[in-house]
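# Understanding the architecture of this molecule
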Amino acid sequence: MEEALYEREETDHLLEADSIDDQPDTKRARVDTEAGTDGPVETSVGKKRFQLKISGLDKNLVQRDIKKAIDAAGIEGVVKLKKVHGLQVGAIFFESDAARAKAVPLVQAFTLKKTTRIAVECIDQDENGDGAHTNGERSVREDKRDDRGKRKREEDEVEDTRTPQERINDQVTPLWRKPYEEQLQVKSTRFKNGLGTLKKNLLGFLNHRDVTEEKKADLAYLRDLHKGQRLCPLEDTVPSPVIDDYRTKCEFTVGFDLEGKKSVGFLLGMYKDGVTTVLAPTECKNVPAAAKDVASFFHEFINASELDVYDRVKKAGFWRLVQVRTHTTGDVMVLIQINPENIEAEVVAKELESLSTKFQASGKVTTLLVQESNGKFNGFSEAAPMRILFGDGVIFEELLGLRFRISPTAFFQVNTPATNGLYGRVRDWCANPAPYPGSAPAITNGETSATTTEPAATTSEEVKKPSNVVLLDLCCGTGTIGLTMAPNVKRVVGVEMVADAVKDAEFNARMQGATNVHYICSKVEDAMREVFTKHVENGDEVVAVLDPPRVGVHSAVIQAVRGCKGIKRVVFISCDFEAAMSNFVDLCRPTSKKYQGRPFRPVRAIPFDLFPHTSHCEFVMELQRQDE
């Protein structure tokens with residue numbers, strides 16, 4: 001599932017085990033955390049930092065252990081701390097040199113698990129970010145870091161000869177310069193490496209001294225894999241039927257171009273890097289002509305308007321964002337976000353009336369909506385008020401022969417032709433499970449894999465309706481996946497926590513005449529009891545489909561799936577395999593107090609390219625529950 005576009009911030013993912021003793025010795029991404037908070041933080045540039053490096057720590061300690069020791073010792077002035085699982089060093093950052101000096105003896109007296117002697121070292125960083133030990137000595141690592149910094153500054157000083165439109169293309173569609181076949185190869189290689197990372201994470205449980213032999217038995221199949229052997233067969237990336245003009249949903253920023261004039265389009269870089277220039281999407285390869293026409297039309301309107309565009313630095317201005325949905329049915333929805341703060345209501349009403357009149361006269365738009373927001377968050381919000389200026393406030397799209405209603409904030413895949421192939425394959429896999437892996441490895445695409453031979457994929461016409469398959473459409477949104485599969489299964493139960501999405505799903509079910517579909521508005525982990533007491537009968541085969549947002553689902557969802565013995569198979573659709581890695585690890589990890597039930601095992605996987613010219617790609621994996 002892909003969320004709002006083009007201004008993403010990648011987040012590192014830390015895979016946490018049930019406890020320190022249960023944590024495998026595997027590679028972990030770095031996560032910097034402020035004292036007293038749970039998430040990553042950015043370090044202020046140009047400020048002097050007072051770091052206390054801690055050595056001699058047990059490598060299995062994590063940040064929360066250091067945080068507890070800090071709180072217990074009553075240490076004050078802490079602004080940030082770092083401790084990466086698997087390393088024997090950590091760091092505490094203080095607001096002043098005095099606070100750090102006061103903390104040194106307290107840190108040296110820490111009583112931490114499997115840590116007998118703690119060594120500390122004071123390190124300062126000047127305004128340029130160059131570290132200097134208090135004893136004046138410099139490490140080889142620091143010298144290398146300075147060399148890298150120098151090279152980076154030299155690179156930044158090189159004149160950028162790209163045209164503004166080339167810079168926009170590089171920002172929005174970073175692979176646009178590569179031939180499409182090469183793009184597919186890049187993505188296939190990425191998923192081969194991703195499966196290797198998953199394998200390495202799982203092997204960490206086998207290699208960790210604190211994981212019992214009984215728990216290691218859950219992953220005994222990993223011992224049969226030789227070096228370089230994949231966890232499961234991986235097919236080549238399926239190409240998109242269309243590679244240009246495919247996006248059915250685009251979000252444009254309203255701002256100023258290089259000449260300081262009002263503009264509608266994409267940021268020329270990342271706002272977090274200080275970039276605020278907005279350029280039109282004139283030559284963006286993935287933006288369809290209908291969306292470009294709307295952006296151009298709105299560009300002309302705001303340039304004639306007396307109201308200012310929103311300034312993200314000053315946090316002031318009226319016109320903020322534009323979302324355009326253009327679907328294969330010919331429907332076009334436009335949602336415009338405004339900031340009416342400090343503007344008289346009569347002025348706002350007159351401006352929106354003029355906007356509505358001109359959009360209707362243009363014939364370019366099926367329905368027009370407006371959302372009011374004065375928040376700092378630069379994006380559309382489900383919580384902010386929204387009203388219809390004309391039209392029904394919804395549009396329709398067709399997928400696998402079915403028609404779906406789409407609300408302004410509802411999720412719907414942005415490449416309809418490619419989604420037909422994606423959902424068609426998911427439907428086939430739900431109805432026709434892969435053979436459970438045998439002991440003998442098979443040869444797949446010239447490389448060995450850990451399962452028996454893969455059966456040929458069936459076409460949609462070949463899919464037969466099993467009499468006992470109950471499909472759990474978890475995080476179901478508007479119900480697209482479940483409804484496309486409803487004719488081929490006994491029953492579909494969709495679970496979704498967004499009420500408006502559930503209303504769309506129920507409407508879509510009625511529109512399709514689907515009578516074997518039921519929706520529950522709830523968190524997945526809270527709905528499982530109702531699912532199995534009311535909708536699953538003895539002898540039913542339960543298959544769960546997960547199609548979560550980019551970062552995956554909350555660990556509580558994975559715990560609920562693991563804990564429900566009736567779920568024998570999971571088909572997981574991920575638009576960011578790396579970001580959702582912890583979900584895959586937790587589905588397959590040994591049984592524990594936190595993750596109960598027998599673990600799952602990957603049996604086959606395939607990527608689908610829904611986002612040509614970008615680095616993003618959908619990844620589908622079938623996992624089957626291990627036998628008791």
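Residues numbered from 1 in each chain as written. Predicted model: local features only at pLDDT ≥ 70, side-chain atom pairs only at ≥ 80, totals over all residues. Heavy atoms only, no water.

### Concerning the overall build of the chain
Formally: Runs of E in the DSSP output that reach at least two residues are strands. Runs of H or I that reach at least four are helices, and both are numbered from the N terminus. Between buried and exposed lies partly exposed: a residue is buried under 20% and exposed over 50% of the maximum accessible area for its type, with that area taken using a 1.4 Å probe on protein chains only. Any two residues having at least one pair of non-hydrogen atoms within 4.5 Å are treated as being in contact. Here the accessible surface of atoms and residues is derived via Shrake-Rupley with a 1.4 Å probe, and residues count as covered only by protein chains that are part of the display.
Summing up its helical and strand segments, the chain has 14 helices and 23 strands in all. In the chain, which comprises 628 residues, the share counted as buried stands at 52%. Restricting to contacts in the chain with at least 6 residues of sequence separation, those with at least 24 account for 69%. Roughly 29000 Å² of accessible area belongs to the chain as shown, and the carbon and sulfur atoms make up 49% of that amount.

### Some remarks on the sheet that holds strand 8 (residues 278-279)
The condition is simple: Whether two strands pair comes down to DSSP finding at least two bridges between them. Axis lines are fitted to C-alpha atoms, over the contacting stretch for helices. Their N-to-C directions set the angle, which ranges from 0 to 180 degrees.
Strand order in the open sheet formed by seven strands is 8-7-6-9-10-11-12, with mixed pairing between adjacent strands. Each edge of the open sheet is held by one strand with a lone partner, namely strand 8 and strand 12 (386-390). Sheet topology places strand 11 (residues 367-372) next to strand 12; four bridges connect them, and they run antiparallel. Residue pairing for strand 12: Gln371 is matched across the bridge by Met386. Helix-sheet contacts for helix 4 (residues 164-172) involve strand 7 (262-267) and strand 8, and the interaxial angle to strand 7 is about 45°.

### Topic: the pattern of salt bridges
Put simply, the test is: Whenever Lys or Arg places a side-chain nitrogen within 4 Å of a carboxyl oxygen from Asp or Glu, that contact is recorded as a salt bridge.
Taken as a whole and assessed by the stated rule, the structure comprises 23 salt bridges. Close ionic contact of Glu578 with Arg190 constitutes a salt bridge, the shortest N to O distance being 3.0 Å. Taken as a pair, Glu578 in the loop between strand 21 (567-574) and helix 14 (581-588) and Arg190 in helix 5 (residues 180-207) lie far apart in primary sequence, 388 residues in all. Given a relative accessible area of 35%, Glu578 falls into the partly exposed group. A salt bridge links Glu622 to Arg569, with the nearest nitrogen and oxygen atoms 3.4 Å apart. Taken as a pair, Glu622 in strand 23 (residues 618-625) and Arg569 in strand 21 lie far apart in primary sequence, 53 residues in all.

### Quick look at helix 7 (residues 289-304)
The condition is simple: By definition here, a helix of n residues has an expected span of 1.5 Å times n minus one. By definition, the arc is the one covered by directions from the helix axis to the C-beta atoms.
Given a rise of 1.5 Å per residue, 16 residues ought to cover 22 Å, and the 23 Å separating the end C-alpha atoms of helix 7 matches this to within 8%. Ala291, Val294, Ala295, Phe297, Phe298, Phe301 and Ile302 are the residues of helix 7 that are buried. Viewed along the axis of helix 7, the buried residues span an arc of 165°, placing them on a single side of the element. Of the exposed residues in helix 7, those oriented more than 90 degrees away from the buried face are Glu300 and Ala304. Structurally, helix 7 contributes buried residues whose contacts are with strand 6 (249-256), strand 7, strand 9 (319-326), strand 10 (332-338) and helix 8 (345-362).

### Digging into the sheet that holds strand 22 (residues 600-608)
Strand order in this open sheet of seven strands is 19-18-17-20-21-23-22, and the pairing throughout is mixed. Every other strand in the sheet has two partners, leaving strand 19 (517-521) and strand 22 as the edge strands with one partner each. Along the sheet, successive strands turn relative to each other by an average axial angle of 15°, direction set aside. Alignment of strand 22 against strand 23, held across eight bridges, turns out to be antiparallel. Along strand 23, the bridge assignment pairs Pro602 with Leu623.

### As for unusual backbone geometry
One non-glycine residue, Lys315, adopts positive backbone phi at about 60°. Locating Lys315 in the fold gives a position in the loop between helix 7 and strand 9. Of note, the phi angle at Asn342 is positive, near 65°, even though the residue is not glycine. Take Asn342: it is sitting in the loop between strand 10 and helix 8.

### Things to note about the pairing of strand 14 (residues 402-406)
When you tally the buried positions in strand 14, you get four out of five residues, the bulk of the element. Pairing between strand 13 (residues 395-399) and strand 14: five bridges, direction antiparallel. Across the sheet, the residue bridging to Glu397 is Phe404, located in strand 14. Here strand 13 folds back onto strand 14, and the loop between the two strands holds two residues, one of which, Leu400, carries a positive phi near 50°.

### As for the nonpolar core
Generally speaking, a soluble globular protein has its nonpolar side chains buried in company with each other. Here is the rule: Among the buried residues, those of types Ala, Val, Leu, Ile, Met, Phe, Trp, Tyr and Cys that are joined through side-chain atoms within 4.5 Å form a nonpolar core.
In terms of nonpolar packing, the biggest core is built from 52 residues, with Leu202 and Ile567 touching the most fellow members. Dropping the residues within four chain positions of it, Leu202 is found in contact with Leu219, Tyr221, Leu222, Leu231, Val585, Cys588 and Arg589. By size, the runner-up hydrophobic cluster in this structure holds 43 residues, among which are Phe404, Leu471, Ile481 and Ala505.

### Quick look at the packing of aromatic side chains
Which entries qualify depends on this criterion: Here the aromatic set is Phe, Tyr and Trp, taking the six-membered ring for Trp, and pairing holds for ring centres within 6.5 Å; pairs whose planes are under 30 degrees apart are stacked, those over 60 apart are edge-to-face, and all others are tilted. Lysine and arginine charges are scored as sitting over a ring when NZ or CZ, respectively, is within 6 Å of the ring centre and within 35 degrees of the ring normal.
Taken as a whole, this structure holds twelve aromatic pairs when the rule is applied. Between Phe577 and Phe584, the ring centres sit 4.9 Å apart and the planes meet at 75°, which makes this aromatic pair edge-to-face. Each member of the pair, Phe577 as well as Phe584, is classed as buried. Aromatic side chains Phe584 and Phe619 sit 6.3 Å apart centroid to centroid with 75° between the ring planes, which places their arrangement in the edge-to-face category. Of this pair, Phe584 sits in helix 14 while Phe619 is found in strand 23, placing the two residues 35 residues apart along the sequence. This pair shows no difference in class: Phe584 is buried, exactly as Phe619 is. Clustering of aromatic rings is evident, with ring pairs tying together Phe191, Phe572, Phe577, Phe584 and Phe619. The ring of Phe93 has Lys80 sitting right over it, with the charged end atom 5.4 Å from the ring centre.

### Side note on the confidence of the model for the chain
To be explicit about the condition: Confidence per residue, as judged by the predictor, is encoded in pLDDT with a range of 0 to 100.
Of the residues in the chain, 81% have a pLDDT of 70 or more, and the chain-wide mean is 82. Predicted confidence is poor over residues 2-46, with pLDDT under 50, and the contacts of this stretch with residues over four places away or in other chains come to 124 contacts. Counted against residues more than four places away or in other chains, residues 127-138, with its pLDDT under 50, gives 22 contacts.

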